[in-house]
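Structure at a glance
What follows is each chain in one-letter form.
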Amino acid sequence: MLQRFPKIGVFGIALIGVIFWNIKKVTGGGGGGGGGAHDLPTDDFDEELFKEKLRERRAKANLEKEKAREEWGRCIFPMVPGHEIGGFVTAVGPNVTSFKVGDKVGVGCMVDSCRECQSCKEGDENYCATGAVMTYNGKYKYKHCLEYTEDGGKPTYGGYAQSIVVDKNYVCRIPDNLDLAGATPLLCAGITVYSPMAYNGLKAGQKLGVAGLGGLGAMAVMIGKAWGCEVTVLSRTEGKREEAMKELKADKFVVMSNDSDVEAAAGSLDMIIDTIAAKHDIPTYLSFLRQNGKFVMVGVPAEPLDFHAFAIIPKRKTITGSLIGGIRETQEMLDFCGKHNIICPHELISGDKITESYDRVVKSDVKYRFVIDTSTF
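Residues numbered from 1 in each chain as written. Predicted model: local features only at pLDDT ≥ 70, side-chain atom pairs only at ≥ 80, totals over all residues. Heavy atoms only, no water.

1. Notes on helix α7 (residues 215–227)
Residues three or four positions apart in an α-helix share a direction because the helix packs 3.6 residues into each turn. Heads up, the condition is: Every helix listed is a DSSP run of H or I at least four residues long, and every strand listed is a run of E at least two residues long, numbered separately from the N terminus. Given the number of residues in a helix, its expected span is that number minus one, multiplied by 1.5 Å. Note on classification: 1.4 Å probe, protein chains only; a residue is buried when its accessible area is under 20% of the maximum for its type, exposed when over 50%, partly exposed between these limits. A contact between two residues is defined here by any heavy atoms of the two lying within 4.5 Å.
In a regular helix each residue adds 1.5 Å, so 13 residues correspond to 18 Å; α7 covers 18 Å between its end C-alpha atoms and thus fits that length. With 11 of 13 residues buried, α7 is to be regarded as a mostly interior element. Among the residues of α7, Gly 215, Leu 216, Gly 217, Ala 218, Met 219, Ala 220, Val 221, Met 222, Ile 223, Gly 224 and Trp 227 are the ones counted as buried. On its buried side, α7 packs onto α6 (189–199), β9 (207–211), β10 (230–235), α11 (327–339) and β16 (369–373).

Structure (structure tokens):
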């Protein structure tokens, strides 16, 4: 089986909200610089009305904490979380020709899939008909997996570790010019916003709206600008204007609580990437779209959202969703980010700061990801 499905060993780790990486055994350490489908909620909501619920949603928005506390259902313990993993190849199987020792690589949200359904054959393993094998808290359920067992497969263990073994088909190459720690979050946050832009035909020169300015929103602004679009940030309050305009170089900023801002933005956008993970007024956001405009949801609010059919019918607008991306598309995204020198803004911390970082995540006190050097474990 090893010769048929060779694997590679990778040092490093990452997860949404908190990223782990380790290059100590290769270079002596150093370096720097969640979603997604999961992301931290932004300030795009009425804080006075939803303050208490906001705290709960922010706490739930951290994928690793949700799994550890079984807030998303029953989980597999012991658990090693982490699903944005970056590092260097330390060993390859005998038949691996696409990677070699020393290559700079990454692993995202999944480590296998059925490989037989139409989605897998088309390179959309993230939409595998029988379910992709998630990087952690999953099981190697397919017979082609080395870890397959008759009772459902051994559990998957993620990026909270100094090394991981992964099938070569589910590994991506990180461009040499990108800082390892800053590039690792792209494997979830980056592909989550890149995929809907590519799939839905966003073109240079079009006008892109980004709803919410957390980790996903920040990546959407940076990728949208590199795409050649005019980017407008849609935020509940004035507080993130400077951050959006000066740090991320957005072109426009709309305060959703400002009636004149909302009126001026009506019918102005070709596409909106909605990253908001709290309940919000969908019809108002839809009003910003032009005819044939597309509203793409990648944030996951805890409560159902409401809109009337007439919010989309008269102008032939589309509401759709998107879930990370396949391996081919993830590599395409990494290459795009390499070409445009895009990495995720982040803060490097040591392993002993993990608990503290969780508390800061709940308070949205991070721009926009924590990076944890696993050489400090």
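2. Thoughts on the nonpolar core
Convention followed: By nonpolar core we mean a set of buried residues, namely Ala, Val, Leu, Ile, Met, Phe, Trp, Tyr and Cys, connected to one another through side-chain atoms within 4.5 Å. These domain limits were set by an automatic method or by a database of domain assignments.
Met 197, Leu 208, Met 219 and Ile 223 are the most contacted members of the largest nonpolar core, which totals 69 residues. Considering every element that reaches this core, the biggest residue donor is α7, with 8 residues. Split by domain, the residues of this core number at least three in each of domain 1 (85–187 + 345–376) and domain 2 (189–321). Ala 211, Val 254, Ala 278 and Ala 311 belong to the second-largest nonpolar core, a separate cluster that totals 18 residues.

3. Some thoughts on the sheet that holds strand β14 (residues 318–321)
So the rule is basically this: Being paired, for any two strands, means DSSP has found at least two bridges between them. As a rule, the C-alpha atoms of each element are fitted with a line to give its axis, helices using only the stretch in contact, and angles between N-to-C directions run from 0 to 180 degrees.
Spatially, 6 strands are ordered β11-β10-β9-β12-β13-β14 in an open sheet, and the strand pairing comes out parallel. Each end of this open sheet is capped by a strand with a single partner; those strands are β11 (252–255) and β14. Strand-to-strand twist of the sheet, defined as the mean angle between neighbouring strand axes without regard to direction, takes the value 20°. The pairing of strand β12 (residues 269–274) with strand β13 (residues 289–297) spans 5 bridges and is parallel. Paired with Leu 269 across the strands is Leu 289, a residue of β13.

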